[in-house]
Amino acid sequence: MTTTTPTGATAEVELAIGGMTCASCAARIEKKLNRMDGVTATVNYATEKAKVSYDGDVSVQDLIATVEATGYTAQEPVRDVPEHSAEEDDELRPLRQRLITAVTLAVPVIAMAMIPALQFEYWQWLSLTLAAPVVTYAGWPFHKAAFTNLRHGAATMDTLISVGTSAAFGWSLWALFLGTAGEPGMTHPFELTISRSDGAGNIYLEAAAGVTAFILAGRYFEARSKRKAGAALRALLELGAKDVTVLRPDGTERTVPVPELKVGDRFLVRPGEKIATDGTVVEGSSAVDASMLTGESVPVEVSAGDPVTGATVNAGGRLVVEATRIGADTQLARMARLVEDAQNGKAAAQRLADRISAVFVPIVIALALGTLGFWLGNGAGPAAAFTAAVAVLIIACPCALGLATPTALMVGTGRGAQLGILIKGPEVLESTRKVDTIVLDKTGTVTTGRMTLLAVHTADNADEAEVLRLAGALEHSSEHPIARAVADGAVAKLGSLPTPEDFANVPGLGVQGIVEGHAVLVGRERLLREGAMELPEELQRAKSEAEAAGRTAITVAWDGEARAVLEVADAVKETSPEAITRLRALGLTPILLTGDNRAVAESVAREVGIAPEDVIAEVLPQDKVDVVKRLQGEGRSVAMVGDGVNDAAALAQADLGLAMGTGTDAAIEAGDLTLVRGDLRAAADAIRLARRTLGTIRSNLFWAFAYNVAALPLAAAGLLYPMIAGAAMAFSSVFVVGNSLRLRSFRAAD
């Protein structure tokens, strides 16, 4: 598919890049793409993808042509998730075959070179027979990549590997056919230090074969680890249903593949089935298990009018759902896209590593030539000089440097997705380290975002059950949010409510009607006064205390007497106080931000453990961003947690924006981190995970840099045998990937 865009407009495309073998390849492609007018590109070696922004004067085909001219392949990846095939599951087979060949043949070559007792009369010729397929067939990917890059005037990590192994093999051929190494009875002691010799009697077949085998092993385990690192994203993409039962207008049912579903279609979800796509329930009621997406262990009750999310499981009754989002617009697809975008990005530290890798290869080749010249000039002999130069070429390969950030980022974001934490980009990780203040939107973030019945105060002439039965029955007929809170609270405690015999709404005051023969009034105190009823002293005190705490007080009367006061408010989430404690433990100062009046805000703050001086109340929606700017102006690094459209600007302004996944699309798009669960504790987990991922990246980069800095002088001094240098280089890459994979053990706090 070719993407076009009007002149002057900007578009984005993601290209799948083929043929990259090391970080230098990625740096080279990125450099070529960024040289194009109107193009900004980021190429990731670990994910083998390029994320490109381009203007209307450039087409996708132009981008692909540039990549191909650089010596690699490019295509637009298919977004749809295909069925797994045996071939896809065994995509590492070619690399595995070369590795098996290399190891099988290289082991006896290395053994004969290292153990003099195995060096029979013509052992060197057997070594040549075994080593030749290793250097040529098994090592072909390195030679091919080196030749391709040479044609384009570039040098990559594969250049180092190809030059090093070819030089060792070529020297051995010269010594065998033209020197004295091919004579019967020749022995070859294994030494780790420089020995002066003319080189004519020495062969390095074990170095050529061993280095190839070690590096292939490193590449294979890197590739396997990258597959594991991306497993969370693949699992996320595969959560969705494959088929769906669509209800036709004539009442017939038809099973079709999910991609054929259209917005507005009604489909059937039987107990135990996955919901095919995002939609709204139009018939039936059930409990939906959303744990795969949100991590919530308790199924959510849904009925007609409630939204449901694709890939969640219908745990109860039969549902008929009308599709509202399909394909790439669904929450599942958006989650996958956020994870993938994050994995394609680069942190600041990685951009530095890429720049170093791009200039590293020419420097190393120059260093190898300098080493060769130095030892030759100092009389060490061709063999010693050659050994040191080859070791420099091999030890210098900074593949670990190129993998340091991408692998940690892939594992960290993948693990986050499993825990319901979506990290939008690597820049987010840098932000989490600096944040010292976290601004919390109240409604929907610290609180549930819906009115809830919190308390029932009764007079001496009534009991709580009777109050809830009569008031709840009357309020059940009203659609007002406060009425719904009373009705829901009554149903939760009693299970069922009687049906009113008469009902009337009194605008601005409340409701009245007949329930079980009683004339019932529910609403403001003024409604009772108009009926000549006064609140007893204990109920008046309860009403005053509720209002002082920022709650809504509702009076209840029947048969001419005031019977109760009900407290209704936007309830604090049960987990919010614990979340505040966890955020403080991370070194963050929580600030409550709300448009509600100060009494309500301070009441909520007291309940969750936020100091009154850290409450900012009565803020207009458009002014929230100004509050964040003011805090930043005080020198603070600010994180913001919100869920509404009115939080979007503040989320974008904050140094770190955390959007509740239960909130609006605008908030989710503006945030840096998305918390799929509507649980504020996830904010603390998200910051912990981001900081730990950043720490892993930093430790990876440190060890990758330290390894090269420490090893190159040793190799140049002739203290590293080429084969051992190759093993150490391969191990460094495996170490970096293994260190990154430790992030898979990250757990949300209990």
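Because the structure is a prediction, the values reported are computed rather than measured.

**Q** Help me understand helix H20 (residues 537-548), please; the structure alone is not making it clear to me.
**A** Side chains of residues three or four places apart in an α-helix project in the same direction, reflecting 3.6 residues per turn. Its 12 residues place the ends of H20 16 Å apart at the C-alpha level, agreeing with the 16 Å of an ideal helix rising 1.5 Å per residue. For H20, the complete set of buried residues consists of Leu539, Ala542, Lys543 and Ala546. The buried side chains of H20 occupy one side of the element, clustering within an arc of 100 degrees when seen end-on. Along H20, exposed side chains directed more than 90 degrees from the buried face belong to Glu537, Glu545 and Ala548. Its buried side turned inward, H20 meets strand S16 (447-458), helix H19 (525-530), strand S20 (552-558) and strand S21 (561-572).

**Q** For this particular structure, what's the right way to read the packing of helix H21 (residues 576-585) against helix H26 (residues 681-716)?
**A** At a closest axis distance of 7 Å, the pairing of H21 and H26 adopts a crossing angle of 25 degrees. If you check the angle between H21 and H26, you find them roughly parallel. Contact with H21, carried on its side by Glu578, Ala579, Arg582 and Leu583, involves Arg681, Ala683, Ala684, Asp685 and Ile687 of H26 and no other residues of that element. Considered class by class, the residues forming the contact of H21 with H26 number 5 nonpolar, no polar and 4 charged.

**Q** Explain the confidence of the model for the protein chain to me, please; I cannot follow it from the model alone.
**A** Here the protein chain averages 79 in pLDDT, while 80% of its residues score no lower than 70. Averaged pLDDT values over the elements of the protein chain bottom out at 43 in helix H3 (residues 86-89) and peak at 94 in helix H5 (residues 123-138). Note on residues 1-6: pLDDT under 50 across the span, and 13 contacts to partners over four residues away in sequence or across chains. Contacts from residues 294-298, a stretch scored under 50 in pLDDT, to residues over four places away or in other chains number 8 contacts.

**Q** Even after reading the chapter, I still don't get a nonpolar patch on the surface, so can you show me in this structure?
**A** Together, Phe702, Trp703, Phe731 and Phe735 give the surface a local cluster of nonpolar side chains, amounting to about 460 Å² of exposed area. Of all elements in the fold, only H26 and helix H27 (722-741) reach the threshold of two or more residues within the nonpolar patch. Considering the arrangement of structural elements, one finds Phe702 in helix H26.

**Q** Any chance you could explain the sheet that holds strand S22 (residues 589-593) here in plain terms?
**A** Whenever strands of a sheet pair, they do so through backbone hydrogen bonds, lying parallel or antiparallel. In space, the 7 strands of this open sheet follow the order S14-S26-S25-S24-S15-S22-S23, with mixed pairing throughout. This sheet does not close on itself; its edge strands, each paired only once, are strand S14 (421-423) and strand S23 (615-616). Packed onto the sheet, helix H23 (residues 624-633) meets strand S15 (437-441), S22, S23 and strand S24 (638-642) and runs at close to 160 degrees relative to S24.

**Q** Got a minute to help me understand the pattern of salt bridges in this structure?
**A** Where charged atoms from two side chains of opposite charge come close, those side chains can pair. Scanning all chains against the criterion turns up 20 salt bridges. Close ionic contact of Lys49 with Glu14 constitutes a salt bridge, the shortest N to O distance being 4.0 Å. With Lys49 in strand S3 (residues 49-55) and Glu14 in strand S1 (residues 10-18), this residue pair connects regions lying 35 residues apart in the sequence. Assigned by exposure class, Lys49 and Glu14 land together as buried.

**Q** In this structure, what is going on with the pairing of S1? I would like to understand it.
**A** Across a regular strand the side chains alternate sides, sitting on one face of the sheet and then on the other. Judged by how many residues are buried, S1 sits mostly within the fold: 7 of 9 residues are covered. Both S1 and S3 contribute to a ladder of 7 bridges, which runs antiparallel. Paired with Glu14 across the two strands is Lys51, which belongs to S3.

**Q** Is there a simple way to explain the sheet that holds strand S10 (residues 300-302) in this structure?
**A** Strand order in the open sheet formed by 3 strands is S10-S9-S12, with antiparallel pairing between adjacent strands. Each edge of the open sheet is held by one strand with a lone partner, namely S10 and strand S12 (313-314). In the sheet, strand S9 (residues 286-289) pairs with S10 via 3 bridges, with the strands oriented antiparallel. Along S10, the bridge assignment pairs Ala287 with Glu301.

**Q** I keep staring at helix H6 (residues 140-151) and nothing clicks. Help me out?
**A** Counted at 1.5 Å a residue, the expected span for H6 with its 12 residues is 16 Å, and the 17 Å between its end C-alpha atoms agrees. Those residues of H6 lying buried are Phe142, His143, Ala145, Ala146, Thr148 and Asn149. The first or second residue beyond H6 is Gly153, which carries a positive phi of 70 degrees.

**Q** Looking at this structure, how should I read the UniProt feature "transmembrane region" (unreviewed entry) in the protein chain?
**A** Per the UniProt record, "transmembrane region" (unreviewed entry) is annotated on residues 99-116, 122-140, 160-181, 201-221, 356-377, 383-405, 701-717 and 723-741. Between the end C-alpha atoms of residues 122-140 the distance is 27 Å, and the span holds 89% helix and 0% strand.

**Q** Explain the packing of aromatic side chains to me, please; I cannot follow it from the model alone.
**A** Both the distance between ring centres and the angle between the ring planes are used here to describe each pair of aromatic rings. If you walk through the whole model with that rule in mind, you get 4 aromatic pairs. With a centroid separation of 5.3 Å and an interplanar angle of 80 degrees, the aromatic rings of Phe374 and Trp375 are classed as edge-to-face. According to the relative accessible area criterion, Trp375 is buried, its value standing at 16%. Ring plane angle 75 degrees and centroid distance 5.1 Å describe the contact between Phe702 and Trp703, whose orientation is recorded as edge-to-face. Put simply, the rings of Phe702, Trp703 and Phe735 pair up and form one aromatic cluster. Just above the ring of Tyr137 sits the side chain of Arg98; from NZ or CZ to the centre is 4.7 Å.

Rules and cut-offs
- Residues numbered from 1 in each chain as written.
- Predicted model: local features only at pLDDT ≥ 70, side-chain atom pairs only at ≥ 80, totals over all residues.
- Heavy atoms only, no water.
- Helix = DSSP H or I, 4+ residues; strand = E, 2+ residues; numbered from the N terminus.
- Expected span 1.5 Å × (residues − 1).
- Buried < 20%, exposed > 50% of the residue type's maximum accessible area, 1.4 Å probe, protein only.
- Arc of directions from axis to C-beta.
- Contact = heavy atoms within 4.5 Å.
- Axes fitted to C-alpha atoms, helices over the stretch in contact; angles between N-to-C directions.
- Parallel < 35°, antiparallel > 145°, perpendicular 65-115°, else oblique.
- Nonpolar A, V, L, I, M, F, W, Y, C, P; charged D, E, K, R; others polar.
- pLDDT = per-residue confidence, 0-100.
- Patch = residues over 30% accessible without salt bridge, like charges linked within 9 Å, V, L, I, M, F, W, Y side chains within 5 Å.
- Areas by Shrake-Rupley, 256 points an atom, 1.4 Å probe, with all protein chains shown as cover.
- Salt bridge = Lys/Arg side-chain N within 4 Å of Asp/Glu carboxyl O.
- Pairing = 2+ DSSP bridges.
- UniProt positions renumbered as here; feature names shortened; annotations may be inferred.
- Phe/Tyr/Trp six-rings, centres within 6.5 Å; stacked < 30°, edge-to-face > 60°.
- Lys NZ or Arg CZ within 6 Å of the ring centre and 35° of its normal.

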